[in-house]
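# Structural characterization, general
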Amino acid sequence: METVHNFINGQIAESSTERFGAVFNPATGEQTRQVVFSKAEEAEAAVAAAHAAFPAWKKTPPLRRARVMFKFKELLEANQDKLARLISNEHGKVYSDAVGELTRGLEVVEFACGIPHLQKGESSANVGSGVDSHSIMQPLGVCAGITPFNFPAMVPMWMFPIALATGNTFVLKPSEKDPSLGLMLAELLKEAGLPDGVFNVVNGDKEAVDVLLTDPRVQAVSFVGSTPIAEYIYSTASAHGKRCQALGGAKNHCVLMPDADLEMASGAIVGAGFGAAGERCMALSVVVAVGDETADKLVASLSESINKMRVGPGIVDGPENDMGPVISAQHRDKIVGYIDSGVEQGAKLVVDGRGCQVEGHDNGYFVGPTLFDDVTPDMTIYQDEIFGPVLSVVRVPDYQTALELINRHEYGNGSAIFTRDGETARQFSEDVLAGMVGVNVPIPVPMAFHSFGGWKRSIFGPLNVHGNDGVRFYTRMKTVTTRWPASVRLETHDSHFTMPTMG
Ligand code: NAD
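Values in this document were obtained by computation on a predicted structure and should not be read as measured data.

How each quantity is defined
- Residues numbered from 1 in each chain as written.
- Predicted model: local features only at pLDDT ≥ 70, side-chain atom pairs only at ≥ 80, totals over all residues.
- Heavy atoms only, no water.
- Helix = DSSP H or I, 4+ residues; strand = E, 2+ residues; numbered from the N terminus.
- Rg over C-alpha atoms; globule rule 2.2 N^0.38 Å.
- Buried < 20%, exposed > 50% of the residue type's maximum accessible area, 1.4 Å probe, protein only.
- Contact = heavy atoms within 4.5 Å.
- Areas by Shrake-Rupley, 256 points an atom, 1.4 Å probe, with all protein chains shown as cover.
- Lys, Arg positive; Asp, Glu negative; His and termini not counted.
- Charge placed at Lys NZ, Arg CZ, Asp CG, Glu CD.
- Near = heavy atom within 4 Å.
- Polar contact = N/O pair within 3.5 Å; in protein donor to acceptor, adjacent residues only side chain to side chain.
- Nonpolar A, V, L, I, M, F, W, Y, C, P; charged D, E, K, R; others polar.
- Domains from an automatic or database assignment.
- UniProt positions renumbered as here; feature names shortened; annotations may be inferred.
- Expected span 1.5 Å × (residues − 1).
- Pairing = 2+ DSSP bridges.
- Axes fitted to C-alpha atoms, helices over the stretch in contact; angles between N-to-C directions.
- Buried area = accessible area lost by both parts, 1.4 Å probe.
- Salt bridge = Lys/Arg side-chain N within 4 Å of Asp/Glu carboxyl O.

## Observations concerning the overall build of the chain
Regarding its fold elements, the chain presents 17 helices and 23 strands. Its C-alpha atoms give the chain a radius of gyration of 25 Å, near enough to 23 Å, the size a compact globule of 503 residues would have. The principal-axis extents of the C-alpha atoms in the chain amount to approximately 85 × 60 × 40 Å. In the chain, buried positions account for 56% of the 503 residues. Sequence-distant contacts in the chain: of pairs separated by 6 or more residues, those separated by 24 or more amount to 72%. Accessible surface computed for the chain: about 20,700 Å², of which carbon and sulfur atoms make up 52%. Treating the 42 positive side-chain charges of the chain as one cloud and the 59 negative ones as another, the clouds have centres 9 Å apart.

## Some points on unusual backbone geometry
Backbone geometry at Phe387 places phi at a positive 60 degrees, although glycine is not the residue there. By secondary structure assignment, the location of Phe387 is in the loop between α13 (380-383) and β17 (390-396). Judged by relative accessible area, Phe387 falls into the buried class, the value being 17%.

## Let's talk about the site of the ligand
The ligand sits among 28 residues. The nearest are Thr147, Lys173, Glu176, Ser226 and Glu385. One of the side-chain N or O atoms of Glu385 is found 2.6 Å from an oxygen atom in the ligand. Protein contacts shield 88% of the accessible area of the ligand, which totals 850 Å² for the unbound molecule. Sorting the residues of the shell around the ligand by element identifies α8 (206-214), β11 (218-224) and α9 (227-239) as the ones contributing at least two each. Here the residues of the shell around the ligand are counted per class, giving 15 nonpolar, eight polar and five charged. Composition of the shell around the ligand by domain shows at least three residues from each of domain 1 (3-248 + 458-480) and domain 2 (252-439).

## Focus: the UniProt feature "domain: Aldehyde dehydrogenase" (unreviewed entry) in the chain
Sequence positions flagged by UniProt for "domain: Aldehyde dehydrogenase" (unreviewed entry) are, in local numbering, residues 15-480. With 41% helix and 22% strand, residues 15-480 has its two end C-alpha atoms placed 45 Å apart.

## With respect to α9
Given a rise of 1.5 Å per residue, 13 residues ought to cover 18 Å, and the 18 Å separating the end C-alpha atoms of α9 matches this to within 8%. Taken together, the buried positions of α9 are occupied by Thr227, Ala230, Ile233, Thr236 and Ala237. Contacts from the buried residues of α9 go to β8 (142-146), α8, β11, β12 (243-247), β18 (411-412) and β22 (459-460). One or two residues past the end of α9 sits Gly241, with phi positive at roughly 75 degrees.

## Quick word on helix α6 (residues 154-165)
In a regular helix each residue adds 1.5 Å, so 12 residues correspond to 16 Å; α6 covers 17 Å between its end C-alpha atoms and thus fits that length. Among the 12 residues that make up α6, 12 are buried, leaving the element largely enclosed by the rest of the structure. Every buried residue of α6 is accounted for by Met154, Val155, Pro156, Met157, Trp158, Met159, Phe160, Pro161, Ile162, Ala163, Leu164 and Ala165. At the exit of α6 stands Gly167, carrying a positive phi of roughly 105 degrees.

## Some thoughts on the sheet that holds strand β19 (residues 414-418)
Taken in spatial order, the seven strands of this open sheet run β15-β16-β17-β14-β13-β19-β20, and their pairing is mixed. The sheet is open, and its two borders are formed by β15 (348-351) and β20 (436-439), each paired with just one other strand. Within the sheet, the average angular offset between the axes of one strand and its neighbour, ignoring direction, is 20 degrees. Contacting β13 (252-256), β19 and β20, helix α15 (residues 422-431) runs over the sheet at an angle of about 170 degrees to β19.

## Description of the environment of Arg476
Along the chain, Arg476 turns up in strand β23 (residues 475-483). Note: C-alpha distance between Arg476 and Cys356 (120 residues apart in sequence) is 51 Å. Every residue in contact with Arg476, bar those within four places of it in the chain, is listed here: Ile136, Met137, Gln138, Leu140, Gln219 and Arg243.

## What about the domain arrangement of the chain?
Reports of interface size often rely on the accessible area that becomes lost once the parts have come together. Splitting the chain by domain gives domain 1 (3-248 + 458-480) and domain 2 (252-439). The C-alpha-based centres of domain 1 and domain 2 are spaced at 31 Å. At the junction of the two partners, domain 1 supplies 23 residues and domain 2 supplies 24 residues. For the pair domain 1 and domain 2, the summed buried surface comes to about 1,900 Å²; carbon and sulfur atoms form 60% of the total. At the boundary of domain 1 with domain 2, the tally comes to one salt bridge. Across the pair Arg280 and Asp97 runs a salt bridge whose closest N-O atoms are separated by 3.0 Å. Counting every contact that joins domain 1 to domain 2 gives eight residue pairs in polar contact (both at pLDDT 80 or more). A breakdown of the residues in the side of domain 1 that touches domain 2 according to their chemical character gives seven nonpolar, 10 polar and six charged.

Structure representation (structure tokens):
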């Protein structure tokens, strides 16, 4: 059985742990690898390597750091097929979706290639007579990233390209469910010319994570995962004096207005609800249909499309499937439990994905696309993040009720509206309590040069990932105010006891 170890100081570091996690191919249910659950001292060794590499990397000119990113981008492109297959084999998502994930990660690398410009800081001449000011955006030191299973390549790449390009060193703790991508990315960074120790990977669970949250050499922690763990990460890292951004769970709603282009909306909703088997933090899980007529037409259109969907393994010889398996047997059972609860609590089950069988893949973790109508806000399927292929339709009488419903939900990651009316769309964008808003766009994931992050219990910490927020997160501003001797000479013997004003 292949073992996924760590990557420390530029090479694979074999762990001496006796604790391992099983890594499965979700399409077949077979265990393909095991991953080490590193001991605390192994996580400390990764931090030590990153700490030792920091002084030289910090002094490396941004242009040269950017050139490593350019090379890394080329290598990601050259290895796309290998990486996408690995993602599909460990996560389960279909091949083209794995390529999409890689592309989204690669776009952050492209953004990071512009770091000499992004990290310039600000400058003002003559803030006072003969006095100039400029700011320096300095790297923080060792930064850590703790990432979820659902995007084993993209989410780490939301973080480390910007962290490294700005001059930090990094320790990545990938998800234990699909850990192999982390090591491949480490190898590619090395091949791109990244000095040893600048990027390290430590595999494991809470024991390794706790080192990253408490070790005084770690300056900043980026986390993406479920909300209860995000709260733990944010409170622990903050209590240990670290800068932290912790992105959590979601329950993304869209509003379907009676004037919307129903055909377009319905197609978009199916893709956004069931792509990656609903295991996306921006997956659409609730449609709030305004008016019974709108809801009736939508449910008819959705069920027709859903019944045509192909569910199966992520990699096939023939035409690609629309949806692969979910990550694990436990997660499949949890999703089925939610579907049971929806039925028990009185929602109308329009399409039932329980008991989904895929020929030749009897032990795969498949749940078919599931559609509920007449869902109400008191139901568990409405309140909880299911993180599976389950779409709920909630019926409301008007726009205002739809907006209030969304704004009452504990999560506020993404939200969308389908309408032909500009004023309604504008109102919605302004008033909805969510961090990312789509107008006739079902999954409004910001591009790399904008920042990604939700509101409410979907994020802890003030700065989002990538874009300008990413650059701010991984740098510390220092503002230098300069006066040169000619003016100093005039005032050499004067002391000033009032607050200096420059005018
Ligand atoms: P998870 O919270 O179970 O795990 C995330 C990371 O935390 C993993 O690396 C895991 O090993 C680690 N971890 C788990 N338990 C821990 C503990 N007790 N102490 C310390 N570390 C621990 O999340 P997941 O199941 O891998 O991913 C799915 C979740 O991630 C969903 O809730 C989804 O919404 C969320 N997510 C959010 C975003 C976003 O941008 N907001 C993006 C992707 C995924």
